[in-house]
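Analysis of the macromolecular model
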Amino acid sequence: MRSLETAGAVYDLGAWTFTAGGRVARLARALGLANDLATIPTTVARPIGGHLRVANLRKPLSLLTGVFSPIEVLHAIRLLYFSRTLPGRTPDETAGAWAARSFPPGFNRAVLAPLAGLYFLQPLADVSRNALLGTLRYLTHIQLMSFKKGMGQLGARLAATLDLHYNHTIESLSLEGQAVLVRGKGCSRPFNGVILATPLPETLRLIHAWLDPDHRQAAERWPHASAVLVRMLLKGRLRRPALQVLPPREMAKWICGFTVERAKSAMRTPADREALTIYARPEKCATLSQWCDRDIVAALAGELARWLRLPRHHHFECGVKRWPYAVASSDPEAGLRVAAMQAQLQRLSKRIPVWAAGDYLGPASLEGAVASAEIAARACRMHFKNKDHLLSSKH
Ligand SMILES: Cc1cc2nc3c(=O)[nH]c(=O)nc-3n(C[C@H](O)[C@H](O)[C@H](O)COP(=O)(O)OP(=O)(O)OC[C@H]3O[C@@H](n4cnc5c(N)ncnc54)[C@H](O)[C@@H]3O)c2cc1C
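What you see is a predicted model; the values in this text were computed from it and never measured.

**Focus: the nonpolar core**
Residues Leu-112, Ala-116, Ala-242, Ile-255, Ile-278, Ala-280 and Leu-300 are the most contacted members of the largest nonpolar core, which totals 101 residues. Those residues in contact with Ala-280 that sit more than four places away from it in its chain are Val-228, Trp-254, Ile-255, Cys-256, Cys-285, Leu-288 and Leu-300.

**Quick word on the environment of Arg-189**
Looking at the element boundaries, Arg-189 is found in strand β10 (residues 187-191). A count of 11 C-beta atoms within 10 Å places Arg-189 in the exposed class. As for Arg-189 and Ala-179, which are separated by 10 residues in sequence, their C-alpha atoms are 9.6 Å apart.

**Examining the sheet that holds β10**
Either a parallel or an antiparallel arrangement is found when strands of a sheet pair, and the pairing is made through backbone hydrogen bonds. Strand order in this open sheet of three strands is β8-β9-β10, and the pairing throughout is antiparallel. Strands at the two margins of the open sheet, each flanked by one partner only, are β8 (170-176) and β10. Ignoring which end each strand starts from, the neighbouring axes of this sheet average 15° apart. Summarising the sheet, strand β9 (residues 179-184) and β10 pair through five bridges and their orientation is antiparallel.

**A word on the sheet that holds strand β3 (residues 18-19)**
Across the sheet, three strands lie side by side as β3-β7-β4; this open sheet has antiparallel pairing. The sheet is open, and its two borders are formed by β3 and β4 (37-40), each paired with just one other strand. Summarising the sheet, β4 and strand β7 (residues 144-147) pair through four bridges and their orientation is antiparallel. Directly across from Thr-39, in β7, lies its bridge partner Met-145.

What counts and what doesn't
Residues numbered from 1 in each chain as written. Predicted model: local features only at pLDDT ≥ 70, side-chain atom pairs only at ≥ 80, totals over all residues. Core = buried A, V, L, I, M, F, W, Y, C linked by C-beta atoms within 7 Å. Buried ≥ 20, exposed ≤ 12 C-beta atoms within 10 Å, placed from the backbone. Contact = placed C-beta atoms within 7 Å. Helix = DSSP H or I, 4+ residues; strand = E, 2+ residues; numbered from the N terminus. Pairing = 2+ DSSP bridges. Axes fitted to C-alpha atoms, helices over the stretch in contact; angles between N-to-C directions.

Below you can see the structure in the form of structure tokens.
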């Protein structure tokens, strides 16, 4: 939940969108950030002849604006039909296997694979069909929101509202009597209870000694997506901004798609500039993450320049963000894995006052992460309420 302001532009470094009626929006309003929320149009675009053709997924007729070829429009209609009829009725499978039976390879490569990359940071072959269809269904129905000045607004406001040490790395946890000793830079002290909202690999490191060996092994093999993002401030503006830009047909080597920050809010970009966040293709992240930043920028910027027919020296400022652990995997087995992990962690919380929260305990999204945090907070509160009750009934 971080964003970066640089050279007058605001970029989200990770998650950036949530639904108007969901938990994140509710939390933002409760923190007094209602005026900092932006409702955003669910626009999808494709560069054609160097310019973006834009369609709004909530306005079906706009699919005819040339973003999709006539045959792609037909497949898009079938896709929307499947998004309403398949999930919940037939057993889940990978979107790759399902799409290979249901659509021609060109549509899968040009439309479905970039959507899987942009929304799940995973190759089409790995994503759950139901998760992909569920996302498409909500994109066509639900009002999306973002923060006008970047996702970091939420973390910063939370830190200012609560009594917390922000940006402190926890190095270890151990038991000290009934309490949990938290050791970290600038903060080493015992707490009655701890809610760990760290990414799964970090949570596992911190609670390693307390896990059953079987669960430890299963958790260590937990599949996740990694990501490589490039932010770029272009000279000049695109004719029309769009939330998600898919690659031109037949033309994607490194890039899975990009986001135009101005589509989230006009406040994010200085005049006569365009701020983009470019997502590398999930299949290429392992290779790219071995490269230095300069080579990553050269590969992605070169490809982008061909897509948009940009002149030489087209950008002012750019940077690379690498996510070795970007998000928990949304594959067809995710539901079973999550249930087993929840049960294991609940057993742990009965022995040791540590609760866990994170997107590996629910849908791999901001909503999933906040939902798991609410559950953890309730369990923690109940634990101490019951303890207080026992203590007061003994007196
Ligand atoms: C590029 C990208 C785009 C995304 N876009 C969206 C989107 O638009 N909408 C959406 O819903 N989801 C999106 N997601 C997914 C979403 O970001 C995650 O599902 C969500 O952030 C998970 O929340 P979390 O609290 O589990 O983990 P995180 O958000 O990863 O938070 C974990 C926190 O723990 C901190 N931490 C780690 N180690 C330690 C330590 N030892 N001590 C203290 N703190 C520590 C980290 O710094 C981090 O702040 C995106 C993810 C990525 C990578």
